[in-house]
Amino acid sequence: MTGRRRRRAAQASPRAQAKKSPPNARAPEATPKAAPAPQEAPPKAPQAKDAPQAKDAPRVAPSPPEAAARPATTTDEPEAPRINGLHSQAAIALMTLATLVAIPYFSPSLARLRLLTPLPEGAGLVAVSPAPEPTASVGETALAMETTEQAELRQPEEVALPPAAAEIVPAASTTETGKPPRSIEDPSGHALAAFYGRLAAVERKEPKAIARVTYFGDSIVASDFVTATLRRKLQRRFGDAGHGFMLMANAWPGYFHNDVVRFAAPGWQVSRVVGPYAKDGFYGLGGVSFRAQGKGAFSRFSTTKTGTFGRAVSRFAVSYLEHEGGAPMTVSIDGAPRETIDTRAEASASRHRVYEVPDGPHELEVRAEGPGVRAFGVTMERDVPGAVLDAIGIQGCRIRFLDKSDDAHFAEQLKTRDPALTVFQYGMNESEDGELFPLDQYESTMKAVLVQVRAALPQGSCLLIGPMDRADKKGSGYSSRPVVPKLAAIQRKVAAEVGCGYWDTLSAMGGLGSMGVWVQRGLGGADLAHPSSAGAEVLGGWIYLALMEGYEAFLARGGGRAAPR
């Protein structure tokens, strides 16, 4: 079409006519667009945009001057046939292109020509709401919000189960001496022996005997769901030896810890193993590096004033990084400055500064005196026999993301913490990926992380907590994601190969299809992926019972006896 005809066509277009309409003329209502169909791939995954559908060009009536200039046609002259959109050249070209793109998927020999391939490591991965999409860039993101108590996220010490839950949760499995629905699988027979031995030492009240549990996980753990219940039950039986490790501030909106008081002002920037990444790979134990934007950024940690747990502390430990761009930071206890540390150094190195206090209620503050202070977190413990549980929750994390840390740095963090038991609870975000991340790579990358942890903690125990069932709403019913049992089978296999225990969450819940039932009984979250508060209480209680079942068997075999003096 010539430029003149395009201009005239535009003048005759509906938009041009609408502009000429009188002000009180009512515009026709726009037809609402259909909502796009949900994709199995994570939302951030790069996807080919739908090509626009070929349409017949509108037949534009010529303007009066142009019509007068054209020779008149007779009524006997046949009108040129209109071309159907399905047979237009544009539509034929699109169908040809689609065929060429599809051919490599039906011929293995042409696999290298496939345009849509599994996502590369770290790209296009998304966490379950409310976590933001992980970013593959290197850098930092600012924390604009304060870290406060977030009372709405607190898990009560006693959680009443919904009446409907009684139909699927045996009463005996909700007590602290009952039988779990599933036992811990341990083909080696000694995967948890080191942890059980430490529990026995605590139970004998050996001086300073502490059974530490470092519990890695995704958003379930980031909100201290499941872990709060397990921590409380262990401390109720074996003693409260402190809360454990916490990040400097809330790296995600849903990050939370029960039985402790935390506050942090805005002014921290973060790099995380889920992105944006730290160039040096230093994230501390919790997978997050915090850098002060300027003087005055601070974080506080204190014992709680209510409840049964977390009422006393006798030792704070601050984890931070010495590096070339560092600055001084002041550590205060109970409002009084204790020490100012210069974090500047020619070579980067992680440090752990310990502050002893009389056992009781206390508060610690870390305050940056200039930009560049990098810190990882604070640990609170007591010098009494008991149990400690570090909830290392990383929102949007997959287990393979733990390998984003510098290997030597991560091993050093684990050795410094020295947990008797390391737990890994992942699978929810992997179920979001489906099989876009190939399952053979899921197996190999998970095994690499576990081998690394086992090498750093050869005297410790490890345990994998299998993935929960996950569902999608289908009409009036629920449909479980078929990848979940595949992930569970791989976790079971790898756990046995590296010498870890395995607890089958999926089977304990009732198998494939159980999430829909849990939601209907008040145990599952509305997103069909997380547990509700009551569901988290049930899962934490079951894991505790499974651990205690193994512990009692360990004692019955003669394990845990004190060494002769």
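Residues numbered from 1 in each chain as written. Predicted model: local features only at pLDDT ≥ 70, side-chain atom pairs only at ≥ 80, totals over all residues. Heavy atoms only, no water.

Asks: When you look at the state of the cysteines in this model, what are you seeing that I'm missing?
Replies: Cysteine pairs can be linked by a disulfide, which is a covalent bond between their two sulfur atoms. Summed over all chains, the structure comprises one disulfide. In this model Cys462 forms its disulfide with Cys500; the gap between the sulfur atoms is 1.7 Å. Looking along the S-S bond of the Cys462-Cys500 disulfide, the torsion reads about -95 degrees, which is the left-handed sense. One end of the pair, Cys462, is in strand E16 (residues 461–465); the other, Cys500, is in the loop between helix H11 (483–498) and strand E19 (501–503), and 38 residues separate them in sequence. Here the two residues Cys462 and Cys500 agree in accessibility, since each one is buried. (Disulfide = S-S within 2.5 Å. Helix = DSSP H or I, 4+ residues; strand = E, 2+ residues; numbered from the N terminus. Buried < 20%, exposed > 50% of the residue type's maximum accessible area, 1.4 Å probe, protein only.)

Asks: Teacher, can you tell me more about the nonpolar core here?
Replies: Soluble, globular proteins show a tendency: their nonpolar side chains are buried together. By size, the foremost hydrophobic cluster in this structure holds 75 residues, and its most contacted members are Phe216, Phe290, Leu364, Ile399 and Phe424. Core analysis: the next-biggest nonpolar cluster, separate from the first, contains 54 residues, Val159, Ala209, Phe238 and Ala420 among them. (Core = buried A, V, L, I, M, F, W, Y, C linked by side-chain atoms within 4.5 Å.)

Asks: What am I meant to see in the sheet that holds E19 here?
Replies: Across a sheet, paired strands are connected by hydrogen bonds in the backbone, their directions being either parallel or antiparallel. Read from one edge of the open sheet, five strands run E14-E2-E15-E16-E19, paired in parallel fashion. This sheet does not close on itself; its edge strands, each paired only once, are strand E14 (386–393) and E19. Direction aside, the axes of adjacent strands within the sheet are offset by 20 degrees on average. Note that E16 and E19 share three bridges and pair parallel. (Pairing = 2+ DSSP bridges. Axes fitted to C-alpha atoms, helices over the stretch in contact; angles between N-to-C directions.)

Asks: What should I look at first to understand the confidence of the model for the protein chain in this one?
Replies: Detail in the predicted coordinates should be disregarded across regions flagged by low pLDDT. Of all residues in the protein chain, 75% attain a pLDDT of 70 or more, and the chain-wide mean is 82. Under a pLDDT of 50 for its full length, residues 1–86 has, in the predicted model, 52 contacts with residues more than four places off or in other chains. In the model, residues 111–133 has pLDDT below 50 throughout and makes 62 contacts with residues more than four positions away in sequence or in other chains. (pLDDT = per-residue confidence, 0-100. Contact = heavy atoms within 4.5 Å.)

Asks: Looking at this structure, I do not really get the environment of Lys473. What am I missing?
Replies: Relative to the helices and strands, Lys473 resides in strand E17 (residues 471–474). As for Lys473 and Asp527, which are separated by 54 residues in sequence, their C-alpha atoms are 9.5 Å apart. What Lys473 contacts, discounting residues up to four positions off in sequence, is Tyr478 and Leu528.

Asks: Where do I start with helix H7 (residues 227–238) in this structure?
Replies: Here H7 contains 12 residues, and its C-alpha end-to-end distance of 16 Å stays within 8% of the 16 Å for a straight helix at 1.5 Å per residue. Within H7, 10 of the 12 residues are buried, leaving the element largely enclosed by the surrounding structure. Buried residues of H7: Thr227, Ala228, Thr229, Leu230, Arg231, Arg232, Lys233, Leu234, Gln235 and Phe238, and no others. Turning to H7, the residues buried within the fold contact helix H5 (193–203), strand E2 (210–217), helix H6 (219–222), E14 and helix H14 (533–556). Directly after H7, the chain includes Gly239, whose backbone phi takes a positive value near 110 degrees. (Expected span 1.5 Å × (residues − 1).)

Asks: What is the right way to read the pattern of salt bridges from this model?
Replies: Summed over all chains, the structure comprises 34 salt bridges. Between Glu185 and Arg492 there is a salt bridge; the shortest N-O distance is 2.8 Å. With Glu185 in the loop between strand E1 (141–142) and H5 and Arg492 in helix H11, the pair connects residues that are 307 residues apart, well separated along the chain. Because the salt bridges share partners, they merge into one network encompassing Arg212, Arg315, Glu381, Asp383, Asp390 and Arg417. (Salt bridge = Lys/Arg side-chain N within 4 Å of Asp/Glu carboxyl O.)

Asks: Sorry, what's going on with the packing of H7 against H14 here?
Replies: Packed helices, taken two at a time, are described by their axes: the angle between them and the distance between them. Orientation of H7 relative to H14, taken along the N-to-C sense of each, is 45 degrees, at an axis distance of 8 Å. Comparing the axis directions of H7 and H14 gives the class oblique. For the pair H7 and H14, the crossing hand works out as right-handed. Contact residues: H7 offers Thr229, Leu230, Lys233, Leu234, Arg237 and Phe238, while H14 offers Ala536, Glu537, Gly540, Gly541, Ile543, Tyr544, Leu547, Met548, Tyr551 and Glu552. When grouped by side-chain class, the residues that make up the contact of H7 with H14 number nine nonpolar, three polar and four charged. (Parallel < 35°, antiparallel > 145°, perpendicular 65-115°, else oblique. Left-handed = near helix turned anticlockwise from the far one by under 90°. Nonpolar A, V, L, I, M, F, W, Y, C, P; charged D, E, K, R; others polar.)

Asks: Can you help me understand H14 in this one?
Replies: In an α-helix there are 3.6 residues to a turn, and that puts residues three or four apart on one side. Here H14 contains 24 residues, and its C-alpha end-to-end distance of 35 Å stays within 8% of the 34 Å for a straight helix at 1.5 Å per residue. Burial analysis of H14 places 18 of its 24 residues in the buried class, the great majority of the element. Phi turns positive one or two residues past the end of H14, at Gly558, with a value near 95 degrees.

Asks: Explain unusual backbone geometry here, please?
Replies: Of all residues except glycine, most have a negative phi; of all peptide bonds, most are trans. Across the junction of Gly275 and Pro276, the peptide omega takes the value -10 degrees, indicating a cis bond. Tracing the chain through its elements places Pro276 in the loop between strand E5 (268–272) and strand E6 (288–292). Notably, Lys205 is not glycine yet its phi reads approximately 65 degrees, a positive angle. As for its placement among the helices and strands, Lys205 is situated in the loop between H5 and E2. The exposed category is assigned to Lys205, whose relative accessible area is 54%. In this structure, Val226 takes a positive phi of about 70 degrees despite not being glycine. With respect to the element layout, Val226 can be found in the loop between H6 and H7.

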